[in-house]
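# Examination of the molecular architecture
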Amino acid sequence: MTTAVLREMRWWDIEPVLELEKDLFPEDAWSRGMFWSDLAHARGPEATRRYFVAEDESADGSRRIIGYGGLAAAGDVADVQTIAVAREHWGTGLGAVLLTELLRAATAFECAEVMLECRVDNVRAQKLYERFGFEPIGFRRGYYQPGNVDALVMRLRDPATSVPSAPSAPSAPSAQGTESNG
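Residues numbered from 1 in each chain as written. Predicted model: local features only at pLDDT ≥ 70, side-chain atom pairs only at ≥ 80, totals over all residues. Heavy atoms only, no water.

### Some words on the overall build of the protein
Short version of the rule: Helix and strand definitions follow DSSP, with helices as H or I runs of at least four residues and strands as E runs of at least two, each counted in order from the N terminus. Burial classification: accessible surface area is computed with a 1.4 Å probe over protein chains only, and a residue below 20% of its type maximum counts as buried, one above 50% as exposed, and the rest as partly exposed. It only takes one pair of heavy atoms within 4.5 Å for two residues to be counted as in contact. With residues, only the protein chains shown are counted as cover, and all accessible areas are computed by Shrake-Rupley using a 1.4 Å probe.
Counting secondary structure elements, the protein contains five helices and seven strands. Taken from N to C terminus, the helices and strands of the protein fall in the order β-α-α-β-β-β-α-β-α-β-β-α. Residue burial in the protein is summarised as follows: out of 182 residues, 51% are buried. Taking the intrachain contacts of the protein between residues at least 6 apart in sequence as the baseline, contacts between residues at least 24 apart amount to 67%. On the protein, roughly 8,500 Å² of surface is accessible, and the fraction owed to carbon and sulfur atoms is 52%.

### Considerations on unusual backbone geometry
Cis geometry is adopted by the peptide bond preceding proline 146, which originates at glutamine 145 and carries an omega value of 10°. Turning to its location among the elements, proline 146 is positioned in the loop between strand S6 (135–144) and strand S7 (149–157). One non-glycine residue with positive phi stands out, namely glutamate 110, at about 60°. For glutamate 110, the location among the structural elements is in the loop between helix H3 (94–108) and strand S5 (113–119). Take glutamate 110: its relative accessible area is 67%, and that puts it in the exposed class. Backbone geometry at aspartate 158 places phi at a positive 55°, although glycine is not the residue there. Tracing the backbone shows aspartate 158 in the loop between S7 and helix H5 (159–162). Judged by its relative accessible area of 36%, aspartate 158 is partly exposed.

### Some thoughts on the environment of arginine 64
Among the secondary structure elements, arginine 64 is positioned in strand S3 (residues 63–74). Along the chain, arginine 64 and valine 17 lie 47 residues apart, while their C-alpha atoms are 9.9 Å from each other. Filtering out sequence-adjacent residues up to four positions away, arginine 64 remains in contact with Ala54, Glu55, Asp56, Glu88 and His89.

### Looking at the packing of H3 against helix H4 (residues 123–131)
Our working definition: Axis definition: a line fit to C-alpha positions, over the contact stretch in the case of helices; interaxial angles, taken between N-to-C directions, run 0 to 180 degrees. Between 65 and 115 degrees an angle is taken as roughly perpendicular, under 35 as roughly parallel, over 145 as roughly antiparallel, and anywhere else as oblique. For any pair of crossing helices, the crossing counts as left-handed if the nearer helix is rotated counterclockwise from the farther one by less than a right angle, and right-handed if it is rotated clockwise.
For the pair H3 and H4, the least separation of the axes is 11 Å and the interaxial angle reads 50°. Put simply, H3 runs oblique to H4. The handedness of the crossing between H3 and H4 comes out as right-handed. On H4, the residues that touch Gly95, Ala96 and Leu99 of H3 are Leu128, Tyr129 and Arg131.

### Topic: the nonpolar core
Convention followed: Nine residue types can take part in a nonpolar core, namely buried Ala, Val, Leu, Ile, Met, Phe, Trp, Tyr and Cys, and a core is a set of them joined through side-chain atoms within 4.5 Å.
By size, the foremost hydrophobic cluster in this structure holds 49 residues, and its most contacted members are Phe35, Leu71, Leu99, Val114, Tyr129 and Phe134. Per-element accounting of this core gives the leading share, nine residues, to H3.

### What to know about the packing of helix H1 (residues 14–24) against helix H2 (residues 32–39)
Defined as follows: All amino acids are sorted into three groups, where Ala, Val, Leu, Ile, Met, Phe, Trp, Tyr, Cys and Pro are nonpolar, Asp, Glu, Lys and Arg are charged, and the leftover types, Gly among them, are polar.
Between H1 and H2, whose axes approach to 10 Å, the crossing angle comes to 130°. Between H1 and H2, the angle is such that the two are oblique. Handedness of the H1/H2 crossing: right-handed. Together, Ile14, Glu15, Val17, Leu18 and Glu21 of H1 and Arg32, Phe35, Trp36 and Leu39 of H2 make up the contact between the two elements. By residue class, the composition of the contact of H1 with H2 is six nonpolar, no polar and three charged.

### A few points about the sheet that holds strand S2 (residues 49–57)
Working definition: the strands of a sheet are paired by backbone hydrogen bonds and lie parallel or antiparallel to each other. Heads up, the condition is: When DSSP finds two or more bridges between a pair of strands, those strands are recorded as paired.
The strand order across the open sheet formed by seven strands is S1-S2-S3-S4-S5-S7-S6, and the pairing between neighbours is mixed. Because the sheet does not close on itself, it has two edges, and the strands there are strand S1 (5–8) and S6. Each strand of the sheet is rotated relative to its neighbour by a mean of 25°, with strand direction disregarded. This element, H2, spans S2, S3 and strand S4 (77–85) of the sheet and lies at about 115° to S2.

As structure tokens, then:
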């Protein structure tokens, strides 16, 4: 069971997040600039993004980022931009915890629905999203490059009603290592 602490992602988290990103998504990892750009819109009264990191504390008191997730809002629609968890924490429920926080952020932004893209070959992620009420609505051919992998587009209507029933304990199964490069 993971005892991770979630907190808002800040600029100093970009480097450790990039290390995790490159490990999990070697072919289609986000760039430093993509994270900087999204974080630039994550603070203040005009914020349209929310990003979180999950940290695990080791026995010596040092902390390490073991997961992250981000959401963008535009009008009444939010989009899960990215969500990922370190391999050694797969199956601990941390993906569900991160997704719950992203849905809370969508609710705070007063979004009526949440969209995401998921690799068609990432069945684990799809099962997590389905547990939260996301439904497949289409495909984006060749979305993930350079591997030319299709994306499954999924939608959740009314995230405010999905959050209370969503798993919030780190012991729930999750879809770590998933990402939506939206």
